[in-house]
Amino acid sequence: MNAITQTTERPDTSDMVLIHRAFRRHFAALPDLVRGVADADITRARRIVEFLTELGTGLHHHHTGEDELMWPLLLERAKTDGALILRMEEQHERIAELTARADRQAEEFAGSAQPRVREQLVVTLSALAAALDEHMAEEEAAILPLVERVMTPREWAALGERGRGAVAKDRQLIFLGFILQGVPHAEQRKFLADMPFAARLAWRLLGRRAFAREYRSIYGIDPGSRS
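Below: a short report on this structure.

How each quantity is defined
- Residues numbered from 1 in each chain as written.
- Predicted model: local features only at pLDDT ≥ 70, side-chain atom pairs only at ≥ 80, totals over all residues.
- Heavy atoms only, no water.
- Helix = DSSP H or I, 4+ residues; strand = E, 2+ residues; numbered from the N terminus.
- Rg over C-alpha atoms; globule rule 2.2 N^0.38 Å.
- Contact = heavy atoms within 4.5 Å.
- Areas by Shrake-Rupley, 256 points an atom, 1.4 Å probe, with all protein chains shown as cover.
- Lys, Arg positive; Asp, Glu negative; His and termini not counted.
- Charge placed at Lys NZ, Arg CZ, Asp CG, Glu CD.
- Bend = angle between axes of the 7 residues up to and from the residue.
- Salt bridge = Lys/Arg side-chain N within 4 Å of Asp/Glu carboxyl O.
- Buried < 20%, exposed > 50% of the residue type's maximum accessible area, 1.4 Å probe, protein only.

Right, let's get into the overall build of the protein chain. Scanning the protein chain from terminus to terminus reveals eight helices and zero strands. Over its C-alpha trace the protein chain gives a radius of gyration of 19 Å, about what one expects of a compact globule, namely 17 Å for 227 residues. When its C-alpha atoms are laid out on the principal axes, the protein chain stretches across 60 × 40 × 25 Å. Long-range contacts, defined as pairs at least 24 residues apart, comprise 79% of the intrachain contacts of the protein chain with a sequence gap of at least 6. Only carbon and sulfur atoms are counted for the fraction: they give 54% of the accessible area of the protein chain, which is about 11800 Å². Between the centroid of the 31 positive side chains of the protein chain and the centroid of its 34 negative side chains there is a distance of 6 Å.

Laid out in structure tokens, this is it:
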């Protein structure tokens, strides 16, 4: 039997789906972004590598938070789902291996923008995007319903706070833009409603424009041009 924690309130895990959507979208775009760098265009190669590095750092903190704050609780309280949880941890390890390989190749690519290195990086990033998509799809289908059964809202909030705390303050509005980009307005409003008023105001006054500039520097188009 699962050792289920009975609570009167359930955590709202929809925020995790939006964060996953952002990671999946932009990691999936990276192979084409790298492929689009012209031979020897080191300036463009460095810009794409900066984006890759920041995404990879964000993903590392996201997964580390789960490793430390989510998996142990689930293993303790949902013992019959242990095999599923261990598989999630193994997927984290595989994703970390691919990310480390991509980082090594990206460093070389940023310094040369040579075709050989570019193609190696594209292959690795394609494998990473596929592994990430498989992992996050299974997590949303199987783990988040489990979280809603056995974790408390306070425990879930602690995981979110851990993730936000890992983002540098001068990058938080940019990360928020990547999370909200392409999300239906109703879901955007719901996500923003859970944020402090000061953060919502900063997003309206400063964040939207700052994110749009950042997005154009990566994709060459306005955020609204991409669904």
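In the structure, helix α8 (residues 197-219) departs most strongly from a straight axis at Leu-206, where the bend amounts to approximately 50°. Buried residues belonging to α8 abut α1 (14-35), α2 (42-77), α6 (172-180) and α7 (185-193). Directly after α8, the chain includes Gly-220, whose backbone phi takes a positive value near 75°.

With that out of the way, let us pick up the pattern of salt bridges. Summed over all chains, the structure comprises 17 salt bridges. Notably, a salt bridge pairs Arg-116 with Glu-108, separated by 2.9 Å at the nearest N-O pair. Taking the shortest distance from any N to any O, the salt bridge between Glu-214 and Arg-171 comes out at 2.5 Å. Residue Glu-214 is located in helix α8, and its partner Arg-171 is located in the loop between α5 (153-165) and α6; the two are separated by 43 residues in the primary sequence. Here Glu-214 and Arg-171 have matching classes, each one buried. A cluster of three or more residues bridged by salt bridges with shared partners is formed by Arg-47, Glu-50, Glu-54, Arg-171 and Glu-214.

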